[in-house]
Each structure stands twice: as C-alpha cells, then as structure tokens.
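Geometric and topological summary
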Amino acid sequence: MTLTKTDSLYKKSYFSRITELKEYAPEAFETFFAFNDKALSEGNLSVKTKELIAVAVAHITGCPYCIELHVGNAKKNDADKEEVSEAIFVATALKAGSAAAHGVNALNAFDGEGDDELYKASYFNRLKEFADLNGDTFKAFAAFDQQAVKAGKLTVKEKELIAVASAHTTGCPYCIDLHTKNAKKNGASLEEISEAIFVAVALKAGSAIAHSVNALNAFDEV
C-alpha cells in the first residue's frame, strides 16, 4: 500500500516545509527563530549542555521533529550516546515525577482537605503517604527517580539543570521548587538556571512551530 500524506503524519522530509511559514507570518517567524538561536547559543552553559537539555525537553513535548533535530545537534557538539541517554532518563523521571508529585493534590481532594489554595509547598510533604498506600510501586519509582539524577557521564549539576528545564516543561510547581534548589546546591548559578529555563521555553514553543508542517500538509489536502 502506498502511503499518502494523510496516512503518514510524520516524515523527516515534512520538516523542510517549515521555512514556508516565513511567507505567511514573516515577523513572527523571524523573531521566533532569532530567540530560538539565542536560547541555544553558547552562554554560561555550553552548546553541548543546551542541546542535551533540548533533547530532554523534546522527549517531554513528544515532538519527533525536535527529537531528530536536537539529538543530531547534541551529537555534532560531542555528546555521546550515554550522555544523550542519561538526559532522556532525567526527562523520563521528571515527566513521571510530575504525575507523582501532583498525587498530593489528589490526596487533598480525596480527603476534602486544604483551603482555596491548590498549591502550597507544604502539600508536597504528603508524598510519603504513598509509601503506605502503594508501597512497592512507590519505592520502585523513588529508586528510579534517584538513579536518574545520580552522577554518571553527566554530573549531578548538569542533570539538575536538565531537571529544572524539564520541570518548566511539565509545569509542575513542586518539581520546579525542588530541582531549582537542588541545582543551586550542586553549584549552578542563577544565570545557568535561567539559560536552562529558556532552552525549555524555546523547545516548548518550538514543538508548536515544528508541528506547523503538519498543518501545511493538512491545509493542502482540503
């Protein structure tokens, strides 16, 4: 069976259509890519570190075009397969961790507790209750989460910067609080943390931009 565009929604070749947006929204196109280039350029963090952060964030947004692009860019900037893999597992831990962390809100909702404030730092203390409610699963997750941010080919500092960016991608306030503090404890400066955040901003927005090639394909088929 020969696949049509509708049958195959993702192909590497589709990504080449992204430059067409310049014709239809030139100012937005130019300003976004100027920001994207700046966010991923050398600064307090190396391009290699930023590209590893980008790889992690792309796995949270689930954008196949972004994964393809930024894994290639990380490799070009001397990241090896082990470093790329470690970045992916930090993202995995943070995406899963966001769901686990929000479990404290579920406990509040189930118990009818808490005031009008849905997020308080103190609510996070309830997370340990899952050790009694679903002990084996909770312990298995906690072991994975701890392993994902341990030093390997990447340092703890690098992993915590990836975690900060990942937390801003999932939008988990508990994770942002925890991993920003952990990054600082492991020697990250506010400038480095800020640069990691803006890589996440660029990748989260970039996922939407990248998917525009699917919109162009869809528009052409009607």
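One structure accompanies this document, and this report is about it. (Residues numbered from 1 in each chain as written. Predicted model: local features only at pLDDT ≥ 70, side-chain atom pairs only at ≥ 80, totals over all residues. Heavy atoms only, no water.)

**Regarding the layout of surface pockets**
Considered as a void within the structure, the largest pocket measures approximately 320 Å³ in volume. Around the largest pocket, the lining is made up of 20 residues, and of these Phe-124, Leu-127, Phe-141, Asp-145 and Leu-178 lie nearest the centre. Elements with a minimum of two residues in the lining of the largest pocket: helix H5 (81–101), helix H8 (135–148) and helix H10 (173–185). Counting residues per element, the lining of the largest pocket draws most heavily on H5, which supplies six residues. By residue class, the composition of the lining of the largest pocket is 13 nonpolar, five polar and two charged. (1 Å grid on protein atoms, 1.4 Å probe; cavity = no way out; pocket = protein on both sides within 12 Å on 5 of 7 lines; lining within 4 Å. Points joined across faces, edges and corners; volume = space filled by probe spheres on them. Helix = DSSP H or I, 4+ residues; strand = E, 2+ residues; numbered from the N terminus. Nonpolar A, V, L, I, M, F, W, Y, C, P; charged D, E, K, R; others polar.)

**Quick look at the pattern of salt bridges**
Using the criterion set out here, one finds 12 salt bridges in the structure. Between Glu-192 and Lys-157 there is a salt bridge; the shortest N-O distance is 3.1 Å. One end of the pair, Glu-192, is in helix H11 (residues 190–210); the other, Lys-157, is in helix H9 (residues 156–170), with 35 residues separating them in the sequence. A relative accessible area of 11% places Glu-192 in the buried class. Measuring nitrogen to oxygen at the nearest pair gives 3.2 Å for the salt bridge that ties Lys-181 to Asp-177. (Salt bridge = Lys/Arg side-chain N within 4 Å of Asp/Glu carboxyl O. Buried < 20%, exposed > 50% of the residue type's maximum accessible area, 1.4 Å probe, protein only.)

**Some words on the environment of Lys-75**
Relative to the helices and strands, Lys-75 resides in helix H4 (residues 64–76). With 39 residues separating them along the chain, Lys-75 and Asn-36 place their C-alpha atoms 19 Å apart.

**Comments concerning unusual backbone geometry**
If a residue is not glycine, its phi is most likely negative; likewise, a peptide bond is most likely trans. In this structure, Asp-78 takes a positive phi of about 75° despite not being glycine. Topologically, Asp-78 is positioned in the loop between H4 and H5.

**As for the nonpolar core**
In terms of nonpolar packing, the biggest core is built from 47 residues, with Leu-52, Ile-53, Ile-162 and Leu-203 touching the most fellow members. Contributions of two or more residues to this core are made by helix H3 (47–61), H4, H5, H9, H10 and H11. The element best represented in this core is H3, accounting for eight residues. With residues near it in sequence (within four places) discarded, Leu-52 still touches Ala-74, Ala-79, Glu-83, Val-84, Ala-87 and Leu-154. (Core = buried A, V, L, I, M, F, W, Y, C linked by side-chain atoms within 4.5 Å. Contact = heavy atoms within 4.5 Å.)

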